[in-house]
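# Commentary on secondary and tertiary structure
Spelled out from the first residue to the last, the chains are:
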Amino acid sequence: MREKDLHGVRLLVTGGPTVEPIDPVRYVTNRSSGKMGYAIAEAAVRRGADVTLVSGPTHLDPPAGVTTVQVTSAEEMYREVLDRFEAHDIVIKAAAVADYRPAHYAGHKMKKNDSSLVLEFVRTPDILAELGKRKSDQFLVGFAAETNDVEQHAIHKLKQKNLDLIVANDVSKPGAGFDVDTNVVSIYSRDGLVKELPKMDKRAVADALLDEIKGIRDG
Ligand code: C5P
């Protein structure tokens, strides 16, 4: 019985892309729609959790009953998530955070000329890795979007970032990953495969993930 089974649990989830500005009118981003993170927030609040959603720019409505914090860049997401980390029991990082941002922000619109343009990119802070370093008793869950050797990459990431679970999806598969309403995921812990799920609506994936987290936390 799932109803209100997460009562009293403080859950922080991130969703959506981040947007990294080049100049006042241009930016780099990715194809994330935010659907997975929002589905997790909605499922968790329905099950009685106190939910905070830190979201990059999306076209989705903020879910009812969820404290939604809107951010734009990876650095902003870093600050908002780190500030809230200690006050939460479960943190699920479903956002597609940009790994790189333009090294310099041009304060004015960049003018075109006849030569080619080279932009320098620098790394953004890895939010999840930082949470892994700081965690005390929080339960930490990451997502891994891969196109090949999914299991190997996912387990490597889980260990490297000190996570409790990782949700891996092969974004090259139809019906999985960015923008679509469904997902095809496998959930791994330090001990290996926990659950391989068939293609499911993202809302059903959210509930299945919360079931696994609850099962592990409750022992
Ligand atoms: O290493 P990779 O970026 O593929 O790991 C994906 C996981 O790390 C996702 O859960 C994503 O939200 C998180 N991440 C992060 N900060 C970054 C990059 C990724 O929290 N700068």
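Residues numbered from 1 in each chain as written. Predicted model: local features only at pLDDT ≥ 70, side-chain atom pairs only at ≥ 80, totals over all residues. Heavy atoms only, no water.

As recorded in an unreviewed UniProt entry, the chain goes by the name Coenzyme A biosynthesis bifunctional protein CoaBC, listed as coming from Novibacillus thermophilus.

## Description of the sheet that holds strand β6 (residues 90–93)
As a reminder, the rule being used: Criterion used throughout: strands pair if DSSP finds at least two bridges between them. Each helix is a run of H or I in the DSSP string that is no shorter than four residues. Each strand is a run of E no shorter than two, and both are numbered from the N terminus. Each axis is a line fitted through C-alpha atoms, taken for helices only over the stretch in contact, and angles between the N-to-C directions span 0 to 180 degrees. By definition in these notes, contact holds between two residues if any of their heavy atoms fall within 4.5 Å.
Taken together, the eight strands give an open sheet; going across it, the order is β5-β4-β1-β6-β9-β10-β12-β13, and neighbouring strands pair in mixed fashion. Strand pairing shows two members of the sheet lacking a second neighbour, β5 (67–70) and β13 (192–196), which therefore form its edges. Strand-to-strand twist in this sheet, taken as the mean axis angle between neighbours without regard to direction, amounts to 20°. Pairing between strand β9 (residues 139–146) and strand β10 (residues 165–170): six bridges, direction parallel. When the sheet's bridge partners are listed, Ala144 is paired in β10 with Ala168. In this fold helix α1 (residues 35–46) packs onto β1 (10–15), β4 (50–55), β5, β6 and β9, with an angle of close to 165° to the strand it touches most, β4. Along the sheet, helix α3 (residues 127–134) contacts β6 and β9; its crossing angle with β9, the most-contacted strand, is approximately 150°.

## Things to note about the pairing of strand β2 (residues 20–23)
Across three bridges, β2 lies against strand β3 (residues 26–28) in antiparallel orientation. Following the sheet pairing, Pro21 is matched in β3 by Tyr27. Following β2, the chain reverses through two residues before pairing antiparallel with β3.

## A look at the layout of surface pockets
Defined as follows: Lining residues are defined by having an atom within 4 Å of a point belonging to a cavity or pocket. Those points lie on a 1 Å grid over the protein atoms alone, cavities being sets where a 1.4 Å probe fits but cannot get out and pockets being open sets with protein on both sides within 12 Å along at least five of seven lines. Grid points are joined across faces, edges and corners, and a volume is the space filled by probe spheres set on the points. Each residue gets one of three labels, nonpolar for Ala, Val, Leu, Ile, Met, Phe, Trp, Tyr, Cys and Pro, charged for Asp, Glu, Lys and Arg, and polar for the others, Gly among them.
In this model, the largest pocket occupies a volume close to 760 Å³. Ala95, Ala96, Val97, Phe143 and Ala145 are, among the 39 residues lining the largest pocket, the residues nearest its centre. Every element with two or more residues in the lining of the largest pocket is listed here: α1, α3, β9 and β10. If one sorts the elements of the lining of the largest pocket by residue count, β9 sits on top with four residues. Each residue belonging to the lining of the largest pocket can be placed in one class, and the counts come to 18 nonpolar, twelve polar and nine charged. Approximately 220 Å³ is the volume attributed to the second largest pocket. Considering the residues around the second largest pocket, the lining is formed by Ile22, Arg26, Lys109, Met110, Lys111, Lys112, Asn113, Ser115, Ser116, Leu117 and Leu119.

## Notes on unusual backbone geometry
Threshold: For every residue, the accessible area (1.4 Å probe, protein chains only) is compared with the maximum for its type, and the residue is labelled buried under 20%, exposed over 50%, or partly exposed between those bounds.
One non-glycine residue with positive phi stands out, namely Asp149, at about 45°. Take Asp149: it is sitting in the loop between β9 and α4 (150–160). The backbone of Asp179 sits at a positive phi, close to 75°, despite the residue not being glycine. Relative to the elements of secondary structure, Asp179 occurs in the loop between β10 and β11 (182–183). Since its relative accessible area comes to 46%, Asp179 is described here as partly exposed.

## Describing the environment of Ala96
Secondary-structure assignment places Ala96 in the loop between β6 and β7 (100–102). The class for Ala96 is buried, based on a relative accessible area of 13%. Sequence spacing of Ala96 and Pro17 is 79 residues, and the spatial spacing of their C-alpha atoms is 4.8 Å.

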